Amino acid sequence: MMSFMKGRVLVVDDDTALAEMLGIVLRGEGFEPSFVADGDKALAAFRESKPDLVLLDLMLPGRDGIEVCRLIRAESGVPIVMLTAKSDTVDVVVGLESGADDYIVKPFKPKELVARIRARLRRSEEPAPEQLAIGDLVIDVAGHSVKREGQSIALTPLEFDLLVALARKPWQVFTREVLLEQVWGYRHAADTRLVNVHVQRLRSKVEKDPERPEIVVTVRGVGYKAGPS
Amino acid sequence: MSRDSAASAPGSSGAHAGRPVGRKTAGSRWGRFLEGGLLQGGVQGSPVLRLFMRWVRRPLLPVMRLWRRNIQLKVVVTTLLMSLGVVLLLGFVVIGQVRNGLLDAKVNASQSQATGGFAVARQKAEEAGSGTGDEATTVDGRPAQNVIQWMSDLVESLSSGGQGAFDVVTLPAGNDSGSGRGPRASGDVIAASSVPEALRERIDTDPTMAAQSYTRIFYDADKESQPALVIGKQVNDPNNDPYQLYYLFPLTQEEKSLSLVKGTLATAGLFVVVLLGAIAWLVVRQVVTPVRMAAGIAERLSAGRLQERMKVTGEDDIARLGEAFNKMAQNLQLKIQQLEDLSRMQRRFVSDVSHELRTPLTTVRMAADVIHDARVDFDPITARSAELLADQLDRFETLLADLLEISRFDAGAAALEAEPIDLRVVVRRVVSGAEPLAERKGTQIRVVGAQQPVVAEADARRVERVLRNLVVNAVEHGEGKDVIVKLAAAGGAVAVAVRDYGVGLKPGEATRVFSRFWRADPARARTTGGTGLGLSIALEDARLHGGWLQAWGEPGGGSQFRLTLPRTADEPLRGSPIPLEPKDSRRHRGLDDAGLPRGGGEKAATVPAQPTGDQGPSRGPLAPRSSAVTPTADPTALPGSGSRVVPRPASGARRQDDPPAAGGQGNGEAEGTPSETVSRPDARSEGSYEQGEAFRGR
């Protein structure tokens, strides 16, 4: 099982001391870190190292973190965790909207960081064959694919997890807190904006009309649930 | 002084029940009316009269209000009234002059006409006397008959000369009505009634002189009576018997002329008044319009629309006003812009500092953790150092986070994310979070008043931070004694009070506890290593909610911190469901022990307890919103609440050491006022009042 936890992590950070320290901690936890300090070179490094997860500082020389995030997301669904010094609303939301799966605010404890990384890598551990239906979508959990009338829809692993979590219990209304726990792996109530932003992103991919969602339905004042299939 | 001898002792405060505020004043007047007027059978007249006056005044109130508020109306009405007066005066003078002029001319003409007439009459009499003298002497019975005939002829001939311009009347002189010389008159005139009695007497008394008077002519026929000038004289008939001859000159023409003048004047006057009113209206509008515009723009400016300017045309005084106004607005905008820039720069700076500080701190933190995790392999000294390093890094992180949080408040960048939350849930979370510390301290945390939901629109994260701070503080300073967390909801407010029985606060400290980096006792050991910013942040959090965070304490008797939040975010706070000074304070207990009768009973009588559902109406008289008195003056007047309200800006400046007016309300124990402080949004502080007692015991 532990072997699944290991993975290649690309650290995009211009602060060499922090990058080195991250390297020490990640190696200590059994990850294989690689580093890039410049936003402009981040994409090339990403293509080269094919990481399982990207740790991305938001403030970078050259292209800033948001831009890098968008570029990586454009060609891959690999989990991206942002490192940010600013927990202010706008920064975080912009980062999440540009495609980051999760964020962690500096200064963080090494254990916290590792927990987040593990939570994002964890999903590859369960290859049980399972077929789910939500709305007019067909989800193959083991095959990691979502299809509408035979046409597959590309989702990031996180979006896929979110959709699966909802589809597994279509009768249940999920509060944001519950989704944070099930999908993101937070044990304490955290930033519910994570859920909001990712539901929006998910909807923009799977809904026919994101303005009038039928797959992921908002239950006012409570949370979200799967639409009728 | 000790806090026990507090200014707002219940006994004395009961005497301060007269509350000099808004609706309350009306209420007490009613009360006086009932007591003094009806209930005690006192002076009946004046209250009833007052009531009547109020009843009469009520429908007039909107008009009076308009009158007070509308300068244009004032000027127009004043102009109308004054010009009406002037026009009336002028009219009377002019009409008087015209009438005099008309009459003078008429009188002159009439007099000469009458004089001529009298001469003709005399002449005719002489002619007749000489012509018929023989006959008169010879035929004794005839003369009278002749005179009668002669008189009729005379009247006829005299009146025919005037062609209707006058009438002629003859009357017998004195009381002599014999010899057949009855009244005669030309043109259907009723002789007797048309000539005034007074005139006849005057002629009787002075037969040689002609006399005149004004009268009305009455006619036999269906002709209306008309005003006239009558001139009369005693004349002799052919027999040398006197009779009275009157000329009656109708004044119809003159009256017509006069009424024409009157009508013209009235019309002209009315026009003048109306026109003056209209002119006044227009002129005032010229002045008032810019003033109103200025007022409207000033309002918009104060509402934050700084780009608003007045339209300026011309170079007159109004234009100068507009220019000055615009200049002021310009400067204001400039200054505000500068401040905004400054604030933005500050925020930016804080944000940058945050980033620049946090990145190395993250590295240090991670390194420290790695070292800390490996400390079992070190020698004891290095291991302990690693522990200290990790601990102090925690503290440093908290301090940095708190600093950033407070600078966010200072920059006005803190945003409230309010949604309805049940404070019981928050309290439960906070209490369970504080349990480990409480266990270490041997303190028990009890929660009171959690039977019913205590829901308010609030930012759960901030409220939790405030309460965590209060509870942890209470446990820290509670010296192992119990800590009581009390929840309550009433009216438009919810409150959580955290009571401890530890060292308490010295006089003046209740204000200072909220100061940044303030420490109760610098020498005391701190177990949790607070940053000294916790209560400042809590205060800011409360303020952000439009709520209050207040402290009360007595040395050795513990302290109570109370957080009051409005139930809905946009509702101003008027009072708190929990009294700031707890019932088990030493002062309250001390009074009870002393057996003073004015403890609870008096209070209950002053403010009867009301069911929770009935808060709406009860709030009115208890906590009026507007008043002319300063906020510091009122709270002690409320029985026994012991609360002193200090307006926010004074929270730093005003210390307990220099008690405000309220503290010294005639009981000479001002210095001993229990120390409390209040935080509230500045805008509301003026009108908000403490009302702790109203909710006591619920």
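Note that this is a predicted model, so its numbers are computed, not measured. (Residues numbered from 1 in each chain as written. Chains lettered and ligands numbered in written order. Predicted model: local features only at pLDDT ≥ 70, side-chain atom pairs only at ≥ 80, totals over all residues. Heavy atoms only, no water.)

What to know about the overall build of chain B
Reasoning step 1: Looking only at helices and strands, chain B has 20 helices and 13 strands in total.
Reasoning step 2: Restricting the contact set of chain B to residue pairs at least 6 apart, pairs at least 24 apart contribute 72%.
Reasoning step 3: Carbon and sulfur atoms provide 58% of the accessible area of chain B, an area that totals close to 35,900 Å². (Helix = DSSP H or I, 4+ residues; strand = E, 2+ residues; numbered from the N terminus. Contact = heavy atoms within 4.5 Å. Areas by Shrake-Rupley, 256 points an atom, 1.4 Å probe, with all protein chains shown as cover.)

Thoughts on the sheet that holds strand β1 (residues 167-172) of chain B
Residue and element names in this part refer to chain B.
Reasoning step 1: Here we have five strands laid out as an open sheet, ordered β2-β1-β5-β4-β3, and antiparallel in their pairing. In this open sheet, the two strands that pair with only one neighbour each are β2 (184-185) and β3 (211-217).
Reasoning step 2: Pairing geometry for β3 and strand β4 (residues 226-236), over seven bridges, is antiparallel. Bridged to T215 within β4 is A228. (Pairing = 2+ DSSP bridges.)

Focus on a nonpolar patch on the surface
Residues and elements named next belong to chain B.
Reasoning step 1: Together, L49, F52, M53, W55, V56, L60, L61, V63 and M64 make up a nonpolar patch on the protein surface, roughly 870 Å² of accessible area in all.
Reasoning step 2: Among the structural elements, F52 can be located in helix α3 (residues 45-69).
Reasoning step 3: F52 gets classed as partly exposed once you look at its relative accessible area, which sits at 45%. (Patch = residues over 30% accessible without salt bridge, like charges linked within 9 Å, V, L, I, M, F, W, Y side chains within 5 Å. Salt bridge = Lys/Arg side-chain N within 4 Å of Asp/Glu carboxyl O. Buried < 20%, exposed > 50% of the residue type's maximum accessible area, 1.4 Å probe, protein only.)

Section: the interface of chain A and chain B
Reasoning step 1: Listed as interface residues are 20 residues of chain A and, on the opposing side, 18 residues of chain B.
Reasoning step 2: Here chain A meets chain B over a buried area of about 1,700 Å², counting both sides, of which 64% is carbon and sulfur.
Reasoning step 3: For the interface between chain A and chain B, the tally reads two salt bridges.
Reasoning step 4: The shortest N-O distance in the salt bridge between K109(A) and D394(B) comes to 4.0 Å.
Reasoning step 5: If you look at where chain A meets chain B, you find two residue pairs in polar contact (both at pLDDT 80 or more).
Reasoning step 6: Those elements that place two or more of their residues in the side of chain A that touches chain B are α2 (16-28) and α6 (110-121) of chain A.
Reasoning step 7: In terms of residue count, the dominant contributor to the side of chain A that touches chain B is α2(A) (five residues).
Reasoning step 8: Of the residues belonging to the side of chain A that touches chain B, the class tally is twelve nonpolar, one polar and seven charged. (Buried area = accessible area lost by both parts, 1.4 Å probe. Polar contact = N/O pair within 3.5 Å; in protein donor to acceptor, adjacent residues only side chain to side chain. Nonpolar A, V, L, I, M, F, W, Y, C, P; charged D, E, K, R; others polar.)

Concerning the pattern of salt bridges
Reasoning step 1: Scanning the entire structure with this criterion turns up 36 salt bridges over all chains.
Reasoning step 2: Salt-bridge contacts for R116(A) lead to E112(A); the nearest nitrogen and oxygen are separated by 3.9 Å. With R116(A) and E112(A) both in helix α6 and four residues apart, the pair spans about one turn of that helix.
Reasoning step 3: Classification of R116(A) as buried rests on a relative accessible area of 14%.
Reasoning step 4: Residue class for E112(A) comes out partly exposed when judged on its relative accessible area of 35%.
Reasoning step 5: D422(B) is the salt-bridge partner of R424(B), the closest N and O atoms lying 3.0 Å from each other. Like D422(B), R424(B) is buried.
Reasoning step 6: Through salt bridges that share partners, K109(A), R365(B), D369(B), D394(B) and E397(B) make up one connected network.

A few points about the environment of D394(B)
Reasoning step 1: Within the fold, D394(B) resides in helix α11 (residues 380-410).
Reasoning step 2: Ignoring anything within four residues of it in the chain, the contact list for D394(B) reads K109(A) and R365(B).

Considering the packing of aromatic side chains
Residue and element names in this part refer to chain B.
Reasoning step 1: Applying the stated criterion across every chain, the model contains six aromatic pairs over all chains.
Reasoning step 2: Pairing F514 with F561 gives two aromatic rings, centres 6.2 Å apart and planes at 70°, and the pair type is edge-to-face. With F514 in the loop between α14 (509-512) and α15 (534-544) and F561 in strand β12 (residues 558-566), the pair connects residues that are 47 residues apart, well separated along the chain.
Reasoning step 3: Classification of F514 as buried rests on a relative accessible area of 7%.
Reasoning step 4: An aromatic cluster of at least three residues, connected via ring pairs, comprises F118, F166, Y247 and F249. (Phe/Tyr/Trp six-rings, centres within 6.5 Å; stacked < 30°, edge-to-face > 60°.)

Regarding the sheet that holds strand β11 (residues 216-219) of chain A
Residue and element names in this part refer to chain A.
Reasoning step 1: Taken in spatial order, the three strands line up as β10-β12-β11 in an open sheet, and their pairing is antiparallel. Looking at which strands have only one partner, the edges of the open sheet turn out to be β10 (174-175) and β11.
Reasoning step 2: Relative to strand β12 (residues 223-226), β10 runs antiparallel, the two sharing two bridges. Each bridged residue has a counterpart across the sheet, and for T175 the counterpart in β12 is G223.

A closer look at the environment of A114(B)
All names here are of chain B.
Reasoning step 1: Assignment of secondary structure puts A114 in helix α4 (residues 71-131).
Reasoning step 2: Distance from A114 to V230, taken between C-alpha atoms, is 9.3 Å for residues 116 residues apart in sequence.
Reasoning step 3: Beyond its immediate chain neighbours, meaning those up to four positions away, A114 contacts I231, Y247 and F249.

Description of unusual backbone geometry
Reasoning step 1: For the bond from K106(A) to P107(A), the omega torsion is -10°, close enough to zero to count as cis.
Reasoning step 2: Relative to the helices and strands, P107(A) resides in the loop between β5 (102-105) and α6.
Reasoning step 3: You will see that E149(A), though not glycine, has its phi angle at about 45°, which is positive.
Reasoning step 4: Mapped onto the elements of the fold, E149(A) is located in the loop between β8 (145-148) and β9 (151-153).
Reasoning step 5: Overall, E149(A) belongs to the exposed group, its relative accessible area being 70%.
Reasoning step 6: Phi is positive for E479(B), close to 55°, though the residue is something other than glycine.

Some details on the confidence of the model for chain B
Residues and elements named next belong to chain B.
Reasoning step 1: Overall, the prediction assigns chain B a mean pLDDT of 73, with 73% of residues at 70 or greater.
Reasoning step 2: Low pLDDT, under 50, characterises residues 133-142; the stretch is placed with four contacts to residues that sit more than four places away or in other chains.
Reasoning step 3: Overall fold confidence (pTM) sits at 0.52, and the ipTM for the predicted complex is 0.79. (pLDDT = per-residue confidence, 0-100.)

What to know about the UniProt feature "modified residue: 4-aspartylphosphate" (unreviewed entry) in chain A
Reasoning step 1: When the UniProt feature table is mapped onto this chain numbering, "modified residue: 4-aspartylphosphate" (unreviewed entry) sits at D57(A).
Reasoning step 2: Take D57(A): it is sitting in strand β3 (residues 53-57).
Reasoning step 3: Excluding its chain neighbours within four sequence positions, the residues that come into contact with D57(A) are V12(A), D13(A), D14(A), G65(A), L83(A), K106(A) and H355(B). (UniProt positions renumbered as here; feature names shortened; annotations may be inferred.)

A look at the pairing of strand β10 (residues 493-500) of chain B
Residues and elements named next belong to chain B.
Reasoning step 1: Burial within β10 is extensive, with eight of its eight residues counted as buried.
Reasoning step 2: Here β10 shows a buried face lined by A493, A495, A497 and R499 and a second buried face lined by V494, V496, V498 and D500.
Reasoning step 3: When strand β9 (residues 483-490) meets β10, the two strands line up antiparallel, connected through eight bridges. Along β10, the bridge assignment pairs L487 with V496.
Reasoning step 4: The antiparallel hairpin formed by β9 and β10 contains two residues in its connecting segment, where G491 sits at a positive phi of about 55°.
Reasoning step 5: Two strands pair when backbone bridges link them, and β10 and β12 are joined in this way by eight bridges, in the antiparallel orientation. Note that in β12 the partner of A495 across the bridge is T564.

Points about a positive patch on the surface
Reasoning step 1: Residues R50(B), R54(B), R57(B) and R58(B) make up a contiguous surface patch of positive charge.
Reasoning step 2: If you trace the backbone, R57(B) turns up in helix α3. (Lys, Arg positive; Asp, Glu negative; His and termini not counted. Charge placed at Lys NZ, Arg CZ, Asp CG, Glu CD.)

Section: helix α13 (residues 460-477) of chain B
Given 3.6 residues per helical turn, the α-helix brings residues three or four places apart onto the same face.
Reasoning step 1: Given a rise of 1.5 Å per residue, 18 residues ought to cover 26 Å, and the 25 Å separating the end C-alpha atoms of α13(B) matches this to within 8%.
Reasoning step 2: Taken across its 18 residues, α13(B) has 13 buried, putting it largely inside the fold. (Expected span 1.5 Å × (residues − 1).)

Topic: the nonpolar core
Reasoning step 1: Membership of the largest hydrophobic core comes to 55 residues, with the highest contact counts inside it found for V54(A), I139(A), L163(A) and W184(A).
Reasoning step 2: At eight residues, helix α7 (residues 157-168) of chain A tops the list of elements feeding residues into this core.
Reasoning step 3: When we break this core down by domain, the ones giving at least three residues each are domain 1 (2-124) and domain 2 (127-226) of chain A.
Reasoning step 4: Apart from the residues lying within four places of it in its own chain, the contact partners of L163(A) are I134(A), L137(A), I139(A), V146(A), L155(A), L202(A), V206(A), I215(A) and V216(A).
Reasoning step 5: Judged by nonpolar contacts, the second largest core, of 39 residues, contains I421(B), A434(B), A438(B) and A456(B). (Core = buried A, V, L, I, M, F, W, Y, C linked by side-chain atoms within 4.5 Å. Domains from an automatic or database assignment.)

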